[in-house]
Structures are given as structure tokens and as C-alpha cells.
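# A structural walkthrough
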Amino acid sequence: SDSKYQLCKPFNELVGCTNKTQKGCMKCSEEMYLEKSECHNCTNKCKTCSSKETCLTCVDEYVLTDEHKCIHCGKVFEENTTELKRVFSVLQFLV
């Protein structure tokens, strides 16, 4: 568990850390996550994350998917438009 993990590193080497203690980092800045008392970067376009591959919130103009990834709003619109066109063509066929 991270709470039992102790890090032996100078404070100035704890990059992205907003709460430094003798045991290492306790809290990270935005777009970073805590692992083994150190801060690491979230994946692309995550504003907050719980691990490298698990986004919790996204930066502006990006939305969170069910798989906890961030994709651009335009991409969501494209996918939904394609799906709506497919559904509409099926409905037209049924009428």
C-alpha cells in the first residue's frame, strides 16, 4: 500500500508534489497521480487521474469515456453523427 511506502529522496526531487512529508509526496498537482510516494504524469488530456491509464476528469474540450480515457469533443460528435446516420437509414428503410 502507498501509505506504508517510504521514499528516501530530497524534497527538491519530488516533482509535481503539492504536499511533501518525510515519507515522500502525499498529494500531487493536477495532471499527475501518486504512486509509491512520487508523482507521475497522467496520460494524454487527463486533468486528474488515479493511475497512468485511468482518467477521472479531462482537460477542456475533452470528454471522459466509459473506459476512463479522454477523447476530443469533436471525435464524440463524429462518432455519434455516424451512428445517427446509420440509425436514420435503417428507420427510412422501415417506413
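Think of each chain on its own: its residues are numbered from 1, step by step along the sequence as written. With the structure being a predicted model, the display of local features is reserved for residues of pLDDT at least 70 and the display and counting of side-chain atom pairs for 80 or more, all residues being used for whole-chain, interface and lining totals. The side-chain numbers reported here are obtained from all heavy atoms of the structure, hydrogens and water having been left aside.

### Re the overall build of the protein
Only DSSP runs of H or I covering at least 4 residues are called helices, and only runs of E covering at least 2 are called strands; the numbering of each starts at the N terminus. Each helix and strand in the protein was counted, giving 1 helix and 8 strands. Seen in sequence order, the protein has helices and strands lined up from the N terminus as β-β-β-β-β-β-β-β-α. When each of the 95 residues of the protein is scored for burial, the buried share is 19%. Residue contacts are defined here by distance: any two heavy atoms, one from each residue, within 4.5 Å place the two residues in contact. Within the protein, residue pairs in contact and separated by at least 24 positions form 12% of the contacts whose partners lie at least 6 positions apart. For the accessible areas, the method is Shrake-Rupley and the probe is 1.4 Å, while residue cover comes only from the protein chains on display. About 7300 Å² of surface is accessible on the protein, with carbon and sulfur atoms providing 54% of the total. Only protein chains enter the accessibility calculation, which uses a 1.4 Å probe. A residue is then buried if its area is under 20% of the maximum for its type, exposed if over 50%, and partly exposed in between.

### Structural notes on the state of the cysteines
Here, the term disulfide refers to a pair of cysteine sulfur atoms separated by no more than 2.5 Å. Here the structure, examined in full by the defined rule, presents 5 disulfides. Between the sulfur atoms of Cys-17 and its disulfide partner Cys-25 the distance amounts to 2.1 Å. Between Cys-17 and Cys-25 the disulfide shows an S-S torsion of about 105°. By sign, it is right-handed. Taken individually, Cys-17 and Cys-25 each receive the classification buried, so the pair is uniform in this respect. Paired through a disulfide, Cys-28 and Cys-39 show a sulfur-sulfur distance of 2.1 Å.

Spatial relationships are all this shows, so hold off on functional conclusions.
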